[in-house]
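# Chain and residue survey
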Amino acid sequence: MAKMIEVDNLTKSYGSKRGITDVSFQVEEGEIFGFLGPNGAGKSTTIRLLMALLRADAGTARIAGLDSWQQSVEVKRLVGYLPGELSLDPKMTGGQILEYFGHLRGGVDQAYLKRLIERLDLDPSRKSRQYSSGNKRKVGIIQAFMHRPRLLILDEPTSGLDPLLQQEFDHMLEEVRNDGGTVFLSSHILTEVEQTCNRVAIIREGQLVRVGLIEDLKDIKRHDITIIFADAVSSDLFKDLDGVERVEALADGRSLHLSVQGPADAVIKAAAKHSVVSLISREPSLEDIFMHYYESAGQTAREASHVVQ
Ligand SMILES: Nc1ncnc2c1ncn2[C@@H]1O[C@H](COP(=O)(O)OP(=O)(O)OP(=O)(O)O)[C@@H](O)[C@H]1O
């Protein structure tokens, strides 16, 4: 399959501040590729280098075989780009802004644009200064999709979108996938990337720590589960179960807090033998997951062994 994105040893520092170092990965045409990392990891820097909004200190970025920096005009033509922070003219309405982007690009199918506006439930008649951050994000998403680009580069596209709109956005990605389009999207939320992407690169402190299939993320996937029982239940009943890494008995004597890696099946079955008042499961932040996963002394070897393209 053709390579849509090829990044080779891309490096950028901001003076003495770290940006990204030696980042290399490839995205095939037709992939929905996730770029996952905690805040400040270097996602936006990588994306801005891909879009030639920044110049690399070293390394290259190519899109559809074109050099991002040398052939930036051609590159921008074939990409739909959603920046992390979109600045919109506060005096213009959403509709005027989209019309303006449409003129710049040319050839925008007006019926498709209208459908996108309806699907994301945007009121295009309001001035952008009146828009909430979620509405601004909608304008950004629509302008990225509106000319049906071969490649979508989306920097944290769903931040600020409510869950229903996130679902609609997922459908839009699915349609792009079915039409053979390619998507590169960044996120700091593991579950979000899991739901929409087939492959993922993980960046941490400016360096790639992994590139692989979503299925291969099982070992870093964790859940924090809190179970409140009707009566006291000993933590010993849970500590040796499959996937349980840690159990803590809370001060009320009836609640347990567990950190579970992988499926929670064994925990749920063990809990069901008792009277459960409530069970709350949440995904820890990527920062927490990384802190746990990479805290061992063999960090470098472990990271290096996972960078498989
Ligand atoms: N213009 C800049 N000047 C100085 N340092 C910067 C600049 N832009 C980014 N950095 C630094 O580069 C590193 C990577 O930032 P980047 O914005 O690429 O991360 P990110 O993964 O996109 O995170 P976020 O989701 O918080 O934007 C951070 O340490 C950040 O402080």
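Only a predicted model underlies this, so the values are computations on that prediction, with no experimental measurement involved.

## With respect to the domain arrangement of the protein chain
- Per the domain assignment, the segments making up the protein chain are domain 1 (3–218) and domain 2 (221–284).
- Placing a centre on the C-alpha atoms of domain 1 and another on those of domain 2 gives a separation of 38 Å.

## Here we look at the nonpolar core
- Of all hydrophobic cores here, the largest spans 56 residues; its most connected members are I142, L152, I153, V183, F184, A201 and L208.
- Of all the elements, helix α5 (residues 133–145) adds the most residues to this core, at five residues.
- Those residues in contact with L152 that sit more than four places away from it in its chain are G80, A144, F145, V176, G181 and V183.
- Membership of the second largest hydrophobic core comes to eleven residues, among which are I225, V244, L256 and V260.

## Some points on the site of the ligand
- Taken together, 14 residues lie near the ligand, and Y14, N39, K43, S44 and T45 sit nearest.
- Looking at side-chain class alone, the shell around the ligand contains two nonpolar, nine polar and three charged residues.

## A short note on the pairing of strand β11 (residues 222–229)
- Pairing analysis gives seven bridges linking β11 to strand β13 (residues 255–261), with the strands arranged antiparallel. If you follow I227 over to β13, its bridge partner there is L256.
- As judged from the six bridges shared by β11 and strand β14 (residues 276–282), these two strands associate in the antiparallel manner. The partner of T226 across the bridge, within β14, is I280.

## What to know about the packing of helix α3 (residues 94–105) against α5
- α5 packs onto α3 with a crossing angle of 25° between their chain directions and a minimal axis gap of 10 Å. Considering their axes alone, α3 and α5 lie roughly parallel with respect to each other. Between α3 and α5 the crossing geometry is right-handed. In this structure, α3 uses G94, I97, L98 and F101 to contact α5, whose residues at the interface are V139, I142 and Q143.
- Each residue belonging to the contact of α3 with α5 can be placed in one class, and the counts come to five nonpolar, two polar and no charged.

## Concerning the sheet that holds strand β9 (residues 199–204)
- Overall, mixed pairing links the six strands, which are arranged β6-β7-β8-β3-β9-β10 in an open sheet. Each edge of the sheet is formed by a strand with only one pairing partner; in this case those strands are β6 (79–82) and β10 (207–213). Within the sheet, the average angular offset between the axes of one strand and its neighbour, ignoring direction, is 15°.
- With four bridges connecting them, strand β3 (residues 32–36) and β9 associate as parallel partners. Pairing of F35 across the sheet is with A201, part of β9.

## Regarding the confidence of the model for the protein chain
- In the predicted model, the protein chain carries a mean pLDDT of 90, and the fraction of residues at 70 or more is 94%.
- Within the protein chain, helix α11 (residues 299–306) has the poorest average pLDDT of any element, 43, and strand β7 (residues 151–154) the best, 98.
- Confidence drops under a pLDDT of 50 for residues 296–309, and excluding neighbours within four residues, the segment shows 13 contacts in the predicted structure.
- The complex model carries a pTM of 0.84, and its ipTM stands at 0.94.

Criteria and thresholds
Residues numbered from 1 in each chain as written. Predicted model: local features only at pLDDT ≥ 70, side-chain atom pairs only at ≥ 80, totals over all residues. Domains from an automatic or database assignment. Core = buried A, V, L, I, M, F, W, Y, C linked by C-beta atoms within 7 Å. Buried ≥ 20, exposed ≤ 12 C-beta atoms within 10 Å, placed from the backbone. Helix = DSSP H or I, 4+ residues; strand = E, 2+ residues; numbered from the N terminus. Contact = placed C-beta atoms within 7 Å. Near = placed C-beta within 6 Å. Nonpolar A, V, L, I, M, F, W, Y, C, P; charged D, E, K, R; others polar. Pairing = 2+ DSSP bridges. Axes fitted to C-alpha atoms, helices over the stretch in contact; angles between N-to-C directions. Parallel < 35°, antiparallel > 145°, perpendicular 65-115°, else oblique. Left-handed = near helix turned anticlockwise from the far one by under 90°. pLDDT = per-residue confidence, 0-100.

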